[in-house]
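# Coordinates in review
Each chain, written out:
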Amino acid sequence: MSSFDPARITIPCAHFIHGRQVRDRDDLEVIRPADGAVYAGLPVADAARVDEAVTSARQAFLHADWARRAPRERARIMRRWADLIEVDIDYLAPLEALGSTRPIDQARAWDVPYTAEGIRFFAEFADKHGGEVAATAHDSLGMQIAEPLGVVGAIAPWNFPLSMTCWKVAPALAAGNTVVLKPSEMTPFTAVRLAELAIEAGMPPGVFNVIQGDGATTGDALCRHPDVAKVTFTGSTATGRSIMGACAETGPKPVTLELGGKSPQLVFGDIPDLDRTAATLAAAITGNAGQVCVAGSRLLIERSLLEPMIERLKTHFDGLVPGLTWQEGTRFSPIISETQTNRIESVIGRAIGAGAELVAGGARFETSFGGCFYRPTILRVDKSDNPAVHEEIFGPVLSVQAFDDEEEALALAEHEVYGLAAGVHTADIGRALRAVRRLSAGTVWVNRYGRSNDYILPTGGYKRSGIGRDLGRAAFEANLHHKSVLIDLNI
Ligand code: NAD
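Definitions and cut-offs
- Residues numbered from 1 in each chain as written.
- Predicted model: local features only at pLDDT ≥ 70, side-chain atom pairs only at ≥ 80, totals over all residues.
- Heavy atoms only, no water.
- Near = heavy atom within 4 Å.
- Polar contact = N/O pair within 3.5 Å; in protein donor to acceptor, adjacent residues only side chain to side chain.
- Areas by Shrake-Rupley, 256 points an atom, 1.4 Å probe, with all protein chains shown as cover.
- Helix = DSSP H or I, 4+ residues; strand = E, 2+ residues; numbered from the N terminus.
- Nonpolar A, V, L, I, M, F, W, Y, C, P; charged D, E, K, R; others polar.
- Pairing = 2+ DSSP bridges.
- Axes fitted to C-alpha atoms, helices over the stretch in contact; angles between N-to-C directions.
- Buried < 20%, exposed > 50% of the residue type's maximum accessible area, 1.4 Å probe, protein only.
- Contact = heavy atoms within 4.5 Å.
- Patch = residues over 30% accessible without salt bridge, like charges linked within 9 Å, V, L, I, M, F, W, Y side chains within 5 Å.
- Salt bridge = Lys/Arg side-chain N within 4 Å of Asp/Glu carboxyl O.
- Core = buried A, V, L, I, M, F, W, Y, C linked by side-chain atoms within 4.5 Å.
- Parallel < 35°, antiparallel > 145°, perpendicular 65-115°, else oblique.
- Disulfide = S-S within 2.5 Å.
- Phe/Tyr/Trp six-rings, centres within 6.5 Å; stacked < 30°, edge-to-face > 60°.

Looking at the ligand, there are 30 residues lining it, with Ala-156, Trp-158, Glu-185, Thr-239 and Glu-392 nearest. A distance of 3.5 Å separates a nitrogen atom of the ligand from a polar side-chain atom of Glu-258. One of the backbone N or O atoms of Leu-259 is found 2.8 Å from a nitrogen atom in the ligand. Isolated, the ligand exposes 850 Å² of accessible area, and the fraction of that covered by the protein chains is 88%. When residues of the shell around the ligand are traced back to their parent elements, those giving at least two are α5 (161–174), α7 (215–224), β10 (228–234) and α8 (237–250). Residue classes in the shell around the ligand are distributed as 13 nonpolar, eleven polar and six charged.

Glancing now at the sheet that holds strand β22 (residues 480–488). Across the sheet, which stays open at both edges, the three strands sit in the order β5-β6-β22 with antiparallel pairing between neighbours. Looking along the sheet, the strands with just one partner apiece sit at the ends: β5 (131–134) and β22. In this sheet, adjacent strand axes meet at a mean angle of 20 degrees when their direction is disregarded. One ladder, built from nine bridges, connects strand β6 (residues 140–148) with β22; its direction is antiparallel. What sits directly across from Ala-146, in β22, is His-482.

What follows concerns the side chain of Ser-337. Turning to its location among the elements, Ser-337 is positioned in the loop between α10 (306–318) and α11 (338–353). Classification of Ser-337 as buried rests on a relative accessible area of 17%. The residues contacting Ser-337, other than those within four sequence positions of it, are Met-186 and Cys-372.

With that settled, consider the environment of Gly-269. As for its position among the elements, Gly-269 is in the loop between β12 (264–267) and α9 (274–286). Under the relative-accessibility criterion, Gly-269 is labelled partly exposed at 34%. Measuring from C-alpha to C-alpha, the distance between Gly-269 and His-425 comes to 9.0 Å, with 156 residues separating the pair along the chain. Not counting residues up to four positions away in its chain, the partners in contact with Gly-269 are Glu-302 and Leu-305.

On to a nonpolar patch on the surface, then. On the surface, a nonpolar cluster with roughly 330 Å² of combined accessible area is contributed by Val-133, Leu-141, Ile-487 and Leu-489. Within the secondary structure layout, Leu-489 lies in the segment after β22.

Moving on: the nonpolar core. Within the largest apolar cluster, 100 residues are counted, with the highest numbers of intra-cluster contacts made by Trp-81, Leu-173, Met-203, Phe-208 and Met-309. Ignoring anything within four residues of it in the chain, the contact list for Leu-173 reads Trp-66, Arg-74, Met-78, Trp-81, Thr-178, Val-179, Met-203, Val-207 and Phe-208.

As for its placement among the helices and strands, Ser-465 is situated in the loop between β20 (462–463) and β21 (466–467). Of the polar contacts made by the side chain of Ser-465, one reaches the backbone oxygen of Gly-260; its length is 2.6 Å. Once residues within four sequence positions are removed from consideration, Ser-465 is found in contact with Leu-257, Glu-258, Leu-259, Gly-260, Gly-261, Val-417, Tyr-418, Gly-419 and Leu-420.

Packing of helix α2 (residues 71–87) against helix α4 (residues 104–123) brings their axes to within 9 Å, and their N-to-C directions diverge by 175 degrees. Classed by the angle they form, the pair α2 and α4 counts as roughly antiparallel. Between α2, through Ala-75, Met-78, Arg-79, Trp-81, Ala-82, Asp-83, Ile-85 and Glu-86, and α4, the contact on the second element is made entirely by Val-112, Pro-113, Ala-116, Ile-119, Arg-120 and Ala-123. Class assignment for the residues of the contact of α2 with α4 results in ten nonpolar, no polar and four charged.

A word on the sheet that holds β12. Within the open sheet, the seven strands sit side by side as β14-β15-β16-β13-β12-β18-β19. Their pairing is mixed. Looking at the sheet topology across the chains shown, the edges are occupied by β14 (357–360) and β19 (443–446). Pairs of neighbouring strands in the sheet enclose a mean axial angle of 25 degrees, with direction left out of account. Bridge analysis of β14 against strand β15 (residues 377–380) gives three bridges, and the strand direction is antiparallel. Counted as the bridge partner of Leu-358 is Leu-379 from β15.

The final tally for this structure, using the stated rule, is 32 salt bridges. A salt bridge links Arg-25 to Asp-27; its shortest N-O distance comes to 2.8 Å. The class for Arg-25 is exposed, based on a relative accessible area of 65%. Of the residues examined, Asp-27 reaches a relative accessible area of 32% and is grouped as partly exposed. Two residues, Glu-86 and Arg-120, come together in a salt bridge whose shortest N-O distance is 2.8 Å. Of this pair, Glu-86 sits in helix α2 while Arg-120 sits in helix α4, and the two are 34 residues apart along the sequence. On the basis of relative accessible area, Glu-86 is assigned to the partly exposed category, the value being 33%. Among the residues examined, Arg-120 registers a relative accessible area of 13% and is labelled buried. Beyond isolated ion pairs, a larger network of salt bridges with shared partners links Asp-83, Glu-86, Glu-117 and Arg-120.

A few words now on the state of the cysteines. Enumeration over the complete set of coordinates arrives at zero disulfides. Cys-247 supplies the cysteine sulfur nearest to Cys-223, a cysteine that is in no disulfide, at a spacing of 4.7 Å.

All right, on to the packing of aromatic side chains then. The geometry of two aromatic rings is summed up by the distance between their centres and the angle between their planes. All told, the structure shown has 15 aromatic pairs when counted by the stated rule. Aromatic side chains Phe-125 and Phe-476 sit 5.3 Å apart centroid to centroid with 15 degrees between the ring planes, which places their arrangement in the stacked category. Of this pair, Phe-125 sits in the loop between α4 and β5 while Phe-476 is found in helix α15 (residues 472–477), placing the two residues 351 residues apart along the sequence. Just as Phe-125 is buried, Phe-476 falls in that class too. An angle of 90 degrees between the planes, with centres 5.8 Å apart, marks the rings of Phe-369 and Phe-373 as edge-to-face. Judged by its relative accessible area of 26%, Phe-369 is partly exposed. Ring-pair connections join several aromatic residues into one group, and the members of that group are Trp-110, Tyr-114, Phe-121, Phe-122, Phe-125, Phe-160, Tyr-455 and Phe-476.

Now the structure itself:
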């Protein structure tokens, strides 16, 4: 039985600094997306609190024997941490489901185990990269030694609080850095529990700290702190730009930026199984109610398939009903906030005003329990400058454009701002590979849509969808710098 009683969950309304919870006065109210109730308060760390956390991380980096500890020992602690996360599923999954858009069944089946396994994945890199010996002249020995950067500042979004924390924090820790994480102020609590479990697993105090607060106060202070060596961020393109500015002004310091997307799905007339593709397309825009960076939000479809595909999508959409995130059986997620729902409505209104045809959805669900739930929506669009095609909506809203040939499909797929992901659905391998070459996207999926649970393929953006990569070896290596050493052999 997955359902749980929200009143029985203990909420860790605190920062986590130097191995313990630190409480401050509540500055913000935290709302449960599923019913809109205020369920906790949240402190906003000011510059002094941020400095305390960064100083703790800096001291831990210098003295706590994390960076210098045998890499296999670091890996062992991280693996133990992952084990403890799995053991804690009866607390962590409800805590995640209560305060985010993640239904409890999905939090149990995916978010918690995926987070634990992601930590194991990065732990395995800890002793796999020490640097390299260079091809110098014979009378000398040259090498590059890989070293951690120091304190990594990590800033996470609200859409998958646990797994996004893992993506940001685990590669940095595996490489020997210490971390100060700021979770989203809308989903702040599961990160505190992760930090507690890290201590239980044997991670020294100060190695992984969590500070709570909003972007303008806490996030900005973290980016600007002189002892933060790098910032790794996932969130919107607009915020990424501010963060890069802050890092430039106070560093410069390196950034990894995983930003927004408006990803196309190209469906050609030769697909062998319309129903299978329809199921893939529907899942790609309704999973987490479309609040996914790589949501397949722009359907480009060969004209002959337009009507039959829309009919199938509508059938899938009709099967999705709102539910409380703490009730077993809920599949369809709420929108994170009233503000975000208003944004969705605003873009749809402007899209229709600019000529889009509303084919399905276009309204909120009415529920007996509150919360903001938006009906999966289809907008038929002819012009690519329509807001439904152009703007990241971050909701269950699919724009649909018809094309007549491959060249037109590839031209429509190009987005002026975003290049995060794309999907290509065709039985023609040559066409699929031509599309792979032409599409400006950090990830292209062929005859599927969405990541596997493998962690090994890096993820990130072309264009203004980001800089650098999460996941894969690339994410680990982005947390190291290399010292060049040249030794004269002739003395
Ligand atoms: P957001 O940019 O509003 O906020 C993300 C985080 O940044 C939050 O913790 C916020 O408090 C903090 N922040 C805000 N302003 C800041 C500032 N000036 N300085 C420092 N920190 C600041 O994004 P969101 O609404 O939480 O998440 C949705 C966005 O994230 C979407 O655009 C989505 O595409 C993107 N996203 C991208 C990926 C990816 O891998 N590319 C993954 C998930 C989400």
